[in-house]
Amino acid sequence: MNCGSETGTCPCVPLLDFRKELSEELRFRIDDFLDREKETAGNFATETQKQLANFNEDLSKVLSHSGFWCTSKVFAWLLGIFGFCLFVTFMTIALLIAGNLQFRVY
């Protein structure tokens, strides 16, 4: 290969060798970077999958109860208060209709 030098040896050969080594080094570093990124993305996906599974389990535990989330004792108190208010309301309406209850404004 003669590049136009007068001695007959090409001065481009060391440059081509350096370029080839640099290209191989860059390819190695890029491949290494891609491998590390794939590993990181895989770890992230695995961790996200675990978190979603835990969230799904917690959510299913919460939603597995039937409707109202309180103890039976609290439910009995709430039902009693609601029943008393309902009774007072119906009695007031019945007494107003029957005429036995009158509200006076002074």
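Residues numbered from 1 in each chain as written. Predicted model: local features only at pLDDT ≥ 70, side-chain atom pairs only at ≥ 80, totals over all residues. Heavy atoms only, no water.

### Some words on the overall build of the protein
(1) Moving on: Helices and strands together make up the secondary structure of the protein, namely two helices and zero strands.
(2) Moving on: Residue burial in the protein is summarised as follows: out of 106 residues, 1% are buried.
(3) Moving on: When the accessible surface of the protein is summed, it comes to about 10,200 Å², and 65% of that surface belongs to carbon and sulfur atoms. (Helix = DSSP H or I, 4+ residues; strand = E, 2+ residues; numbered from the N terminus. Buried < 20%, exposed > 50% of the residue type's maximum accessible area, 1.4 Å probe, protein only. Areas by Shrake-Rupley, 256 points an atom, 1.4 Å probe, with all protein chains shown as cover.)

### What to know about the pattern of salt bridges
(1) Moving on: Per the counting criterion, the structure on display carries two salt bridges.
(2) Moving on: Glu25 serves as the salt-bridge partner of Arg29, at 2.8 Å between the closest nitrogen and oxygen. Residue Arg29 and its partner Glu25 are located together in helix H1 (residues 12–63), separated by four residues, close to a single helical turn.
(3) Moving on: Linking Asp32 and Arg36 is a salt bridge whose minimum nitrogen-to-oxygen distance equals 3.4 Å. A residue pair is termed a helical-turn pair when its members lie 3 or 4 positions apart in one helix, as Asp32 and Arg36 do in helix H1 at four residues.
(4) Moving on: Of the residues examined, Arg36 reaches a relative accessible area of 46% and is grouped as partly exposed. (Salt bridge = Lys/Arg side-chain N within 4 Å of Asp/Glu carboxyl O.)

### Re a nonpolar patch on the surface
(1) Moving on: Together, Leu15, Phe18, Leu22, Leu26, Ile30, Phe33 and Leu34 make up an exposed nonpolar region whose accessible area comes to about 700 Å².
(2) Moving on: Structurally, Phe33 is set in helix H1. (Patch = residues over 30% accessible without salt bridge, like charges linked within 9 Å, V, L, I, M, F, W, Y side chains within 5 Å.)

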